[in-house]
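Fold and contact review
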Amino acid sequence: MRGAEESVAAVFAGRGFDTVRMEDLAAATGVPRATLYYHFSGKEAVLQRLLRSTLGDLARVVQAAAVESPGDARQRLEQVVRAVLALMGRRPAACRVLIADLERAGRLPDIAESLTGAFHAPVMRLLEAGAADGSLRPVTDPARVAAAIFGAVTIPAFQSLVVDPVFAEEAVGAAVVDVVLAGLGAG
């Protein structure tokens, strides 16, 4: 199934949602168009499935890094950044679609809520834990800081996915960690 999702994602990422037809998705996946229509009402439903799957993967890697990793909150926040970038490296087309169609995803309440649950909520908890354990400075608006961190991770990663011949995961990670964690440093 993951291969079919990446094929669908590559079509959406390469052509843009508005120009993609169900026939294009059928050709990319090797699934007959009638079968796609049996499972999906149209390309919007296919995109929703792709976004849900990608956000599910995001939730799993962020949860593992934020909650299950050892270390203080600062170390776990760094692990979150690196885990998100690793996911983007494994699922580049799906992540390109997620970022490029974030506005469309924001109009789908369950998708927008999934993003909050997948990234923002765990990061807000890390920010609070970091203020408590002294590894991060206290912030006055954890929700906006979590959103800023999401942007700090995804925008340079998206740029690398689009511009660089090979996704520069390590370079992006180093830059993001430097900026984000220096700005949130406790001392």
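A brief structural summary. (Residues numbered from 1 in each chain as written. Predicted model: local features only at pLDDT ≥ 70, side-chain atom pairs only at ≥ 80, totals over all residues. Heavy atoms only, no water.)

**Section: the overall build of the protein chain**
Along its length, the protein chain carries ten helices and zero strands. Listed by position from the N terminus, the elements making up the protein chain come as α-α-α-α-α-α-α-α-α-α. Since a compact globule built from 187 residues should have a radius of gyration of about 16 Å, the 18 Å found for the protein chain is in line with a globular shape. Over its C-alpha atoms, taken along the principal directions, the protein chain stretches across nearly 60 × 35 × 25 Å. When the 187 residues of the protein chain are sorted by exposure, 45% land in the buried category. Intrachain contacts of the protein chain at a sequence separation of at least 6 include 68% that bridge at least 24 residues. When the accessible surface of the protein chain is split by element, carbon and sulfur atoms take 57% of a total near 9,000 Å². Here the protein chain contributes 19 positive and 21 negative side-chain charges, whose respective centroids are spaced 4 Å apart. (Helix = DSSP H or I, 4+ residues; strand = E, 2+ residues; numbered from the N terminus. Rg over C-alpha atoms; globule rule 2.2 N^0.38 Å. Buried < 20%, exposed > 50% of the residue type's maximum accessible area, 1.4 Å probe, protein only. Contact = heavy atoms within 4.5 Å. Areas by Shrake-Rupley, 256 points an atom, 1.4 Å probe, with all protein chains shown as cover. Lys, Arg positive; Asp, Glu negative; His and termini not counted. Charge placed at Lys NZ, Arg CZ, Asp CG, Glu CD.)

**Focus: the nonpolar core**
Within soluble globular proteins, side chains that are nonpolar tend to cluster in buried spots. With 59 residues, the main nonpolar core has Phe 12 and Leu 58 as its most contacted residues. Breaking this core down by element, the ones donating at least two residues are α1 (2-15), α2 (22-29), α4 (43-68), α5 (73-90), α6 (92-100), α8 (109-133), α9 (142-163) and α10 (169-183). Here this core gets eleven residues from one element, more than from any other, and that element is α4. With near-sequence residues (within four places) excluded, Leu 58 lies in contact with Val 84, Leu 87, Leu 115, Ala 118, Phe 119 and Phe 150. (Core = buried A, V, L, I, M, F, W, Y, C linked by side-chain atoms within 4.5 Å.)

**Concerning α10**
Because the α-helix completes a turn every 3.6 residues, residues three or four places apart line up on one side. Here α10 spans 21 Å end to end across 15 residues, near enough to the 21 Å set by a 1.5 Å rise per residue. What α10 keeps buried is the set Val 172, Gly 173, Val 176, Val 177, Val 180 and Leu 181. Considered in projection along α10, the buried side chains sweep an arc of 125° and stay on one side of the axis. Opposite its buried face, α10 presents the exposed residues Ala 171, Asp 178, Val 179 and Ala 182, each directed more than 90 degrees away. (Expected span 1.5 Å × (residues − 1). Arc of directions from axis to C-beta.)

**Some points on the packing of α5 against α6**
Each pair of packed helices can be summarised by the angle the axes make with each other and by the distance between the axes. At a minimum axis separation of 5 Å, α5 and α6 run at an interaxial angle of 110°. Relative to α6, the element α5 is oriented roughly perpendicular. Each of Leu 87, Met 88, Gly 89 and Arg 90 in α5 lies in contact with α6, whose residues at this interface are Pro 92, Cys 95 and Ile 99. Per-class residue counts for the contact of α5 with α6 are five nonpolar, one polar and one charged. (Axes fitted to C-alpha atoms, helices over the stretch in contact; angles between N-to-C directions. Parallel < 35°, antiparallel > 145°, perpendicular 65-115°, else oblique. Nonpolar A, V, L, I, M, F, W, Y, C, P; charged D, E, K, R; others polar.)

**A few points about the environment of Arg 144**
Along the chain, Arg 144 turns up in helix α9. Each C-alpha atom of the pair Arg 144 and Ser 114 lies 17 Å from the other, and the pair is 30 residues apart in sequence.

**Considerations on the pattern of salt bridges**
Taken as a whole, this structure holds twelve salt bridges when the rule is applied. Here Arg 15 makes a salt bridge to Asp 24, at a shortest N to O gap of 2.6 Å. Overall, Arg 15 belongs to the partly exposed group, its relative accessible area being 42%. One connected set of salt bridges, linked through shared partners, spans Glu 5, Glu 6, Arg 49, Asp 57, Arg 60 and Arg 91. (Salt bridge = Lys/Arg side-chain N within 4 Å of Asp/Glu carboxyl O.)

**Observations concerning the packing of aromatic side chains**
One pass over the full model with this rule turns up two aromatic pairs. Where Phe 12 meets Phe 17, the ring centres are 5.7 Å apart and the plane angle is 25°; that geometry is what we call stacked. No difference in accessibility class separates Phe 12 from Phe 17, as the two residues are buried. With a centroid separation of 5.1 Å and an interplanar angle of 65°, the aromatic rings of Phe 119 and Phe 150 are classed as edge-to-face. Placement of the pair is Phe 119 in helix α8 and Phe 150 in helix α9, with a sequence separation of 31 residues. (Phe/Tyr/Trp six-rings, centres within 6.5 Å; stacked < 30°, edge-to-face > 60°.)

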